[in-house]
Number of protein chains: 2
Amino acid sequence: MKPTPAPVEEGAPPRAPLSGLERSTLRELLIRGPKSRAEIARELGMSRASLTRVTRALIEQGLLADGPVELRGATGRPSEVLRIRPESRKFLGVKLTGDHLFAVVTDLTAQALAEYDEPLASRRVKDAVAQIGAVHERLAEEHPGVAAAGIGLAGDVVSTDKGQTVAQSPFLEWSGVPLAALVSERLGIPATAENDMRALTAAEHWFGVGAGHESMVLVAVGAGIGVGIVVDGKVVTGINGKAGSLEHLPIDPSGPRCERGHRGCAASYLSNAAIVAALRAPGLDYASVLDLARGGDPAAVQAFRDAGHALGVLIATLANTMDPEKIVVTGDGIAVAELARGEIDAAIATYRRHLGVPTPLDIQPFDFAEWARAGAVLAIRDFLHF
Amino acid sequence: MKPTPAPVEEGAPPRAPLSGLERSTLRELLIRGPKSRAEIARELGMSRASLTRVTRALIEQGLLADGPVELRGATGRPSEVLRIRPESRKFLGVKLTGDHLFAVVTDLTAQALAEYDEPLASRRVKDAVAQIGAVHERLAEEHPGVAAAGIGLAGDVVSTDKGQTVAQSPFLEWSGVPLAALVSERLGIPATAENDMRALTAAEHWFGVGAGHESMVLVAVGAGIGVGIVVDGKVVTGINGKAGSLEHLPIDPSGPRCERGHRGCAASYLSNAAIVAALRAPGLDYASVLDLARGGDPAAVQAFRDAGHALGVLIATLANTMDPEKIVVTGDGIAVAELARGEIDAAIATYRRHLGVPTPLDIQPFDFAEWARAGAVLAIRDFLHF
DNA sequence: CGAAGTTAGTTTCACATATTGACAAACTCG
DNA sequence: CGAGTTTGTCAATATGTGAAACTAACTTCG
């Protein structure tokens, strides 16, 4: 039995795994921003003494900085504001599509330090893992000492005894791949994997407009329609890793047919392809239809309005089902929220069961790099065991 | 400040609140049935030593019995099977409707020991609380020493610093009523309150076909359509206590109008009233339409088929959203599942996103007393701090 | 039949983690 | 400047947990 000598990079002391309170403290500071020890203690229901102990350990590990700053309450001794040291840890985030690999290195607060992408050389598991390894090494030249990695991809990812496992991924044609374990072995650091939509949900929940909420719903519109659900501070996965599969929610049985044969489902109105198809004009792509709609072209405007209606029904259904604190809409097809806000709100008003307390709706701009950043957030959450 | 002298009924020693592991152990035995210490230890990821300690405390409190029975594994020392002592605690469950009060006393395993119901004398909060008190005293004659009470009612119930509070209840015309606190004070025992649908979900989750699952969805059909959701072992409440409000899920925008003006929503097909209304024949009630359908009357059969289709769409939508381990259908309108199973399954097949792993579907018979029993389950879960 | 092997349950002890209560520090207010 | 207040720390202490060693109770095999 050889004692694995954890390679101590930088000047950090040997890293004991974070204890429970250490993790909650770090999470509290990450999500809610700088706070004093006393505040955290009240928030977490712990004693101040415990926070002295825990924050000392975190400061020793370089994760926190004891703000030399002082802040004033109304009376009494001013508190020392603790803040995260974002630069203390780095994380690698990866998004895999059927033909491309997007990667990003972030700090502890999920801020991107470096971005990189390249075509996926091969869909074979072995090759993909090797490519992730190569990308890691390439990025490590400038950003050494990445603490953990997270990978997001379309498909069903479930938790098994071999770590997060890709049960099925149509685009990559994978099934039963223990991706987290494979990548971890290749990179020599902890790694995790998750469905890309749930990764994005995790990112928005901790570092986006969902920060500080116990529940939220994220709807991402674009090539497909993705739904991510957070309940009780955790992203809902589903027993088969299929939660949030609402792209074929029935909207109007007399509507157009989607590529899977449903009449008038959400995807048949709302996906980028559906918006393009609604114009029945060959040679158009999403960008040009968007331009047409912005220019006032009636058919294009109508396509976006129909999409907005479908989105509103979807949002209302989710709000009725989960009653979340917040609903966030994002994705590369986010323009629908700008062009058809009226239809969205009208559909919500019609189908929302309880109008007394409208659920806050946030429209978030989207950039494709978000997908890779979401992978890094997976790694951060995993680092904090959340 | 007078020290409330907890009336120690029976020979039980002074009741310290159960510790974390004590609760999980009791829960494990309640939900999964008799087990040995070693089995529980493995299940809960604890050491056998801890189980020795914890079970001793539970046995002293009378909650467990150390099975004198011995059971055989393949080899080694036989294990002593621990079992719950159902008779060790009693719970009061109450269901309030707009004009009636249903009550039940159960044991620790939610088995009914006594049932009772009477008209609600008044909808005023004070009177209702007093009536619950009177019913408690009446039932206490035969079943003294009730440990805790749980009350279910239609409406939004939220958790506040005053305990479970009825934010709004249309039938009772209540709003902002700290019902749990009021009842607890009147009865002198811990009390809790919850939306009736979530209470029923909790009951089915622990003591019904959901037992042992971390996630499930319950659909109750009857006068209305209720949906209860369990994720990660907990019943989803929603920030406003409105989760699961799917009675107006759009099914077909060209369908009949429900009482709230929606065209073709789930309620417009599936509620008992909608099934009766579909026949457009005056003077009929649900029971007679049910008889007609069982007798083969075409219009009645069609009404149930349409209802079955709506139910199938609802189930598929919930399965797509949550990907639960199990879906349970019950309620006093459960006949639809018997008369239109084909339509239900067809709709699920059409709208279910992933057909690879069908979600198990359970049809559960229903008796109105279930509502009150569900209240008792609330009390039991509360007793175990779950 | 008895020794060896296996699993269950118990006991003891050490350890990690949290709280309590006392105390000094750093401020405001009158 | 003292009184009041709140923060952060320290020392002592309580609590819950697992590791390891032990006993108990059974099966199997030579």
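All of these numbers come straight from a predicted model, not from anything done at the bench. (Residues numbered from 1 in each chain as written. Chains lettered and ligands numbered in written order. Predicted model: local features only at pLDDT ≥ 70, side-chain atom pairs only at ≥ 80, totals over all residues. Heavy atoms only, no water.)

Peer 1: Explain the interface of chain A and chain B to me, and be specific about the residues and the numbers.
Peer 2: Counting residues at the interface gives 39 residues for chain A, matched by 39 residues for chain B. Applying the counting rule to chain A against chain B returns four salt bridges. A salt bridge links Glu 247 of chain A to Arg 353 of chain B, with the shortest nitrogen-to-oxygen separation between them at 3.0 Å. Linking chain A to chain B there are 20 residue pairs in polar contact (both at pLDDT 80 or more). Where the side of chain A that touches chain B is concerned, the elements lending two or more residues are strand S12 (225-231), helix H10 (298-322) and helix H12 (341-351) of chain A. Among the elements that make up the side of chain A that touches chain B, the one with the highest residue count is H10 of chain A (six residues). (Contact = heavy atoms within 4.5 Å. Salt bridge = Lys/Arg side-chain N within 4 Å of Asp/Glu carboxyl O. Polar contact = N/O pair within 3.5 Å; in protein donor to acceptor, adjacent residues only side chain to side chain. Helix = DSSP H or I, 4+ residues; strand = E, 2+ residues; numbered from the N terminus.)

Peer 1: Pulling in residues and values, what's your account of unusual backbone geometry?
Peer 2: In this model, Asp 232 of chain A sits at a positive phi of 60°, which is unusual for a non-glycine residue. Within the element layout of this structure, Asp 232 of chain A appears in the loop between S12 and strand S13 (234-235).

Peer 1: An account of the packing of aromatic side chains is needed here, citing residue identities and associated values.
Peer 2: Summed over the entire model, instances satisfying the criterion amount to 12 aromatic pairs over all chains. The interplanar angle of 75° and the centroid separation of 5.7 Å between the aromatic rings of Phe 366 of chain B and Trp 371 of chain B together place this pair among those described as edge-to-face. By the burial criterion, Phe 366 of chain B is buried, and Trp 371 of chain B matches it. What links up through ring pairs into an aromatic cluster is the set Trp 206, Phe 207 and Phe 386 of chain A. When the ring centre of Trp 371 of chain A is taken as reference, the NZ or CZ atom of Lys 95 of chain A above it lies at 4.2 Å. (Phe/Tyr/Trp six-rings, centres within 6.5 Å; stacked < 30°, edge-to-face > 60°. Buried < 20%, exposed > 50% of the residue type's maximum accessible area, 1.4 Å probe, protein only. Lys NZ or Arg CZ within 6 Å of the ring centre and 35° of its normal.)

Peer 1: I'd like to hear about the protein's contact with DNA strand D, residue by residue, with values.
Peer 2: Lining the immediate surroundings of DNA strand D are 26 residues, of which Ala 38, Gly 76, Arg 77 and Glu 80 of chain A together with Ser 50 of chain B lie closest. Each atom of DNA strand D within 4 Å of the protein belongs either to a base or to sugar and phosphate, the latter forming 64%. Arg 37 of chain A is positioned with one of its side-chain polar atoms (N or O) 3.1 Å from a phosphate oxygen of DNA strand D. Side-chain polar atom of Arg 77 of chain B to a base nitrogen of DNA strand D: 3.4 Å apart, as the coordinates give it. Broken down by secondary-structure element, the contributors of at least two residues to the surface near DNA strand D are helix H2 (37-44), helix H3 (48-60) and strand S3 (79-84) of chain A together with helix H3 (48-60) of chain B. Looking at side-chain class alone, the surface near DNA strand D contains eight nonpolar, nine polar and nine charged residues. (Near = heavy atom within 4 Å. Nonpolar A, V, L, I, M, F, W, Y, C, P; charged D, E, K, R; others polar.)

Peer 1: With reference to specific residues and values, describe the protein's contact with DNA strand C.
Peer 2: Among the 28 residues in the neighbourhood of DNA strand C, the closest are listed as Ser 50 of chain A together with Thr 52, Gly 76, Arg 77 and Glu 80 of chain B. Each atom of DNA strand C within 4 Å of the protein belongs either to a base or to sugar and phosphate, the latter forming 66%. One of the side-chain nitrogen or oxygen atoms of Arg 77 of chain A is found 3.4 Å away from a base nitrogen of DNA strand C. Within the backbone of Glu 80 of chain B, an N or O atom sits 2.6 Å from a phosphate oxygen of DNA strand C. Every element with two or more residues in the surface near DNA strand C is listed here: H3 of chain A together with helix H2 (37-44), H3 and strand S3 (79-84) of chain B. When residues in the surface near DNA strand C are grouped by element, the largest group, four residues, is from H3 of chain B.

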